[in-house]
Amino acid sequence: MLIATAKESYRADQALLTNRAQWVWLGLLIAGLVLVPFGANAYWTYLACLVLINVASATGLNILTGYTGLVSLGHGAFMALGAYTVAILEQRLGTPFLLNILAGGAVAAAIGMIVGIPSLRVKGLYLAIATIGASIILQFVFLNWTSVTGGSRGINVAPATFFGTEMARPSELYWVIMPITVLMVLGAANLFRTRIGRAFIAIRDRDISAEVLGIPLLRYKLLSFAVSSFYAGVAGGMWAYMFRSVGPESFTLLTSIFFLAAIIVGGMGSILGAILGAIFMTMVPELLRFAVAFVAPFIDNAATLLAPVRTMVFGLLIILFLVFEPQGIAEIIRRIRRSWHLWPFRK
Amino acid sequence: MSMETLFFLEVTLAGLGSGALLSLTALAFVLIYKATKIINLAVSELLMMGAYFFLAFAAGMGMSAWLAIPLAVAGGGLIGAVVERGIIRRMLGESPISVFMVTVGLGSVLIGLVELVWGADPRTIPDFIGRAPVFLGEAYVSRKIFVAFLVSGAVIAVFLLLFRFWRGGVALRATATDQAAAYSCGINVPGVFSLAWIIGCATAAGAGVLLGSIGGLSPTMGAFGLSALVVVIVGGLDSPFGALVGGLFIGLVEAYAGTYLGGEYKLVATFSILVLMLVIRPYGLFGTREIERL
């Protein structure tokens with residue numbers, strides 16, 4: 001049983017990692033992250049990159065929806081903004097890739113603040129619908145501003161270059177994507193130890209009370225939108241370098257639903273939750289592919305089953321988690337930890 | 001009458017026709033929201049299910065259209081009943097956004113189901129309306145849109161009367177006003193919830209049959225439901241009359257935008273109205289304004 005957990009200072013109380021076991025886990029995680037490209041083949045490295053991009057984006061949505069309580073179904077559109085910014089900068093100016101990705105985040109943050117304006121007037125479901133509206137308008141711009149976005153054909157993105165070496169394959173891009181994602185997740189975790197992060201949480205818990213307490217709602221809600229869209233924009237930028245082509249079909253309303261589902265499945269308002277949710281929701285379709293490949297010898301046309309089964313499983317996961325485990329995977333982990341800590345006593 | 005005014009008139013009539021269909025779909029949203037305070041995004045997919053049920057009964061089993069339509073509508077109602085009892089009832093007291101996401105998940109399941117059973121390719125359903133064009137004065141109207149307008153108008157009128165005079169309709173309005181008070185008056189509130197879901201989903205399925213007969217079927221036809229979502233926001237989420245007015249309005253906007261600006265402007269025009277409406281008047285034209293207390 002875990003004992004002697006009383007804290008003697010605020011500093012100790014706010015620390016992200018409080019005991020040695022967590023340091024060990026973190027060490028294992030870092031070692032794992034570093035070793036992935038050496039141990040895994042091209043396919044699994046590609047998957048690792050995809051998972052990391054989704055983790056970064058889901059963490060961003062978690063800041064907005066999980067911590068500030070503003071539900072957004074426009075996250076896919078913000079990712080698209082980042083991806084398009086990167087593609088256009090790479091195509092027109094050929095600026096360094098890190099700068100492009102940052103610019104992608106900045107553009108997404110700026111537009112995100114505009115999209116966030118209705119959040120001052122409406123919240124909850126109405127806000128979700130307003131963000132659907134915003135993302136459909138953005139989609140329209142991507143499709144019809146042909147001179148800039150290339151219309152329905154989209155833009156091809158040149159591979160990122162680092163001091164002359166091209167990074168086209170996932171095993172090389174991994175060294176860009178992994179550090180950025182780790183930095184962003186760390187940033188998010190630390191955000192909620194600061195004044196700003198706590199203001200976000202106060203707004204989530206009850207925005208009117210937060211205003212009474214002296215938190216300027218206007219500033220903090222827009223800030224939350226900006227931070228969240230920045231995350232989405234950076235993730236979209238990395239996505240653009242990974243898939244090397246950006247079009248209006250790259251990020252749809254379904255992308256936004258995917259990320260909202262990821263943080264619901266993972267656990268809203270928990271950094272670990274967003275990470276686990278993104279991993280889970282990215283990996284399940286891949287595992288389904290293995291499952292379909294497994295049953296293929298026994299069923300005719302098994303390959304055609306894959307897409308509908310994926311769609312169904314995606315929906316079922318959302319429903320089942322919301323009905324049976326509304327706190328998400330993070331709560332399952334918490335429960336396991338608790339029973340571990342209290343061992344040998346029950347519950 | 002000059003050609004321009006005639007053309008304008010025809011566009012207007014077509015807009016009113018598809019607007020009536022939008023009103024009918026919006027009514028499904030409104031019914032469910034009014035009783036249970038849930039925005040059921042799966043209405044879009046129930047639309048699709050209704051159309052595919054009709055396809056299965058009329059084309060697959062060779063039934064006559066007049067038998068297949070009630071069966072398709074009943075199928076939609078059955079889905080509504082099962083979903084309400086099986087999933088939504090368990091979610092009582094959860095945050096509205098969770099329930100909303102459940103309906104999003106449900107929509108995804110239904111789309112997967114349709115693709116699994118009928119495939120992802122577009123289909124057409126047997127024609128039961130006829131093709132001969134209808135002329136109102138000099139203006140031409142597609143017969144299908146004309147029929148859709150008449151049917152939607154009749155159904156909405158019936159609903160408005162039911163809300164006013166039928167016991168169940170009054171019970172639904174009472175539940176919408178104050179759940180606890182409705183309970184203490186002896187109204188079976190869970191029953192009202194079930195009823196609203198069944199009728200709402202059945203309405204959506206019926207609208208789906210009409211929509212499918214006009215534009216054909218595909219697993220993505222639920223996108224029509226997104227326009228209906230705009231309608232309910234404009235009209236007011238809990239106002240059947242708002243659904244009627246909003247539907248006709250959005251139908252007209254879509255028709256004008258589609259004709260005079262180009263087809264790609266349809267969605268962007270309606271959704272710009274949506275965003276504007278949410279900023280100016282979030283509770284809609286005829287919706288109830290909610291006052292939040294600490």
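From a predicted model like this one, the values you see are computed outputs, not experimental measurements.

A.B. asks: It is not clear to me how the overall build of chain B should be interpreted in this structure. Could you clarify?
C.D. replies: Per the secondary structure count, chain B includes 11 helices and two strands. Listing every helix and strand of chain B by position from the N terminus yields α-α-α-α-β-β-α-α-α-α-α-α-α. For the C-alpha atoms alone, the extent of chain B along its principal axes is close to 60 × 45 × 35 Å. Put simply, of all contacts in chain B between residues at least 6 apart along the chain, 77% involve residues at least 24 apart.

A.B. asks: Sorry if this is basic, but what is going on with the overall build of chain A here?
C.D. replies: Scanning chain A from terminus to terminus reveals 15 helices and four strands. Here chain A has a C-alpha radius of gyration of 21 Å; the compact-globule value for 347 residues is 20 Å, and the two agree. When the backbone C-alpha atoms are referred to their principal axes, chain A occupies close to 60 × 55 × 45 Å. Burial status across chain A gives 46% buried among its 347 residues. Residue pairs at least 24 apart in sequence account for 76% of intrachain contacts in chain A once pairs closer than 6 positions are excluded.

A.B. asks: Would you take a moment to explain the interface of chain B and chain A for this structure?
C.D. replies: Often, the extent of an interface is quoted as the loss of accessible area upon association of its parts. Each partner contributes residues to the interface: chain B has 36 residues there, and chain A has 35 residues. Elements with a minimum of two residues in the side of chain B that touches chain A: helix 4 (96-118), helix 9 (224-235) and helix 11 (265-280) of chain B. When residues in the side of chain B that touches chain A are grouped by element, the largest group, 17 residues, is from helix 4 of chain B. Here the side of chain B that touches chain A is built from residues that sort into 25 nonpolar, six polar and five charged.

A.B. asks: Please explain the packing of helix 1 (residues 3-36) of chain B against helix 9 of chain B as it appears in this structure.
C.D. replies: When two helices pack together, their arrangement is captured by the angle between the axes and the distance separating the axes. Residue and element names in this part refer to chain B. At a closest axis distance of 8 Å, the pairing of helix 1 and helix 9 adopts a crossing angle of 70°. Considering their axes alone, helix 1 and helix 9 lie roughly perpendicular with respect to each other. Here Leu22, Ser23, Thr25, Ala26, Phe29 and Val30 of helix 1 come into contact with helix 9, specifically with Phe224, Gly225, Ser227, Ala228, Leu229, Val231, Val232 and Gly235.

A.B. asks: Just checking my understanding: could you explain the nonpolar core for this structure?
C.D. replies: As a rule of thumb, soluble globular proteins bury nonpolar side chains together. Residues Phe29, Ala51 and Phe54 of chain B are the most contacted members of the largest nonpolar core, which totals 202 residues. Once you skip the residues sitting within four places of it in the chain, phenylalanine 29 of chain B turns out to touch Ile39, Asn40, Val43, Ala228, Leu229 and Val232 of chain B.

A.B. asks: Sorry, what's going on with the packing of helix 10 (residues 240-261) of chain B against helix 11 of chain B here?
C.D. replies: Residues and elements named next belong to chain B. It is the contact of helix 10 with helix 11, at a shortest axis distance of 8 Å, that shows an interaxial angle of 140°. Classed by the angle they form, the pair helix 10 and helix 11 counts as oblique. Like other packed secondary-structure pairs, helix 10 and helix 11 cross with a definite hand, here right-handed. For the pair helix 10 and helix 11, contact is made by Ile250, Val253, Glu254, Ala257, Gly258 and Leu261 and by Tyr265, Lys266, Ala269, Thr270 and Ile273, respectively. Its residues assigned to classes, the contact of helix 10 with helix 11 comprises seven nonpolar, two polar and two charged.

A.B. asks: I'm lost on helix 8 (residues 189-215) of chain B in this one. Help?
C.D. replies: Compared with the 39 Å implied by 1.5 Å per residue over 27 residues, the 38 Å span of helix 8 of chain B between its first and last C-alpha is a close match. Extensive coverage of helix 8 of chain B is indicated by the burial of 21 of its 27 residues.

A.B. asks: Looking at this structure, how should I read unusual backbone geometry?
C.D. replies: A negative phi angle is the norm for most residues apart from glycine, just as the trans form is the norm for most peptide bonds. You will see that arginine 244 of chain A, though not glycine, has its phi angle at about 65°, which is positive. Turning to its location among the elements, arginine 244 of chain A is positioned in the loop between helix 11 (217-243) and strand 4 (245-246). Judged by the 16 C-beta atoms lying within 10 Å of it, arginine 244 of chain A falls in the partly exposed class. One non-glycine residue with positive phi stands out, namely lysine 37 of chain B, at about 60°. By the C-beta count within 10 Å, which is 15 here, lysine 37 of chain B ends up partly exposed.

What counts as what
- Residues numbered from 1 in each chain as written.
- Chains lettered and ligands numbered in written order.
- Predicted model: local features only at pLDDT ≥ 70, side-chain atom pairs only at ≥ 80, totals over all residues.
- Helix = DSSP H or I, 4+ residues; strand = E, 2+ residues; numbered from the N terminus.
- Contact = placed C-beta atoms within 7 Å.
- Rg over C-alpha atoms; globule rule 2.2 N^0.38 Å.
- Buried ≥ 20, exposed ≤ 12 C-beta atoms within 10 Å, placed from the backbone.
- Nonpolar A, V, L, I, M, F, W, Y, C, P; charged D, E, K, R; others polar.
- Axes fitted to C-alpha atoms, helices over the stretch in contact; angles between N-to-C directions.
- Parallel < 35°, antiparallel > 145°, perpendicular 65-115°, else oblique.
- Core = buried A, V, L, I, M, F, W, Y, C linked by C-beta atoms within 7 Å.
- Left-handed = near helix turned anticlockwise from the far one by under 90°.
- Expected span 1.5 Å × (residues − 1).

It is worth stressing that arrangement in space is one thing and function is another; only the former is reported here.
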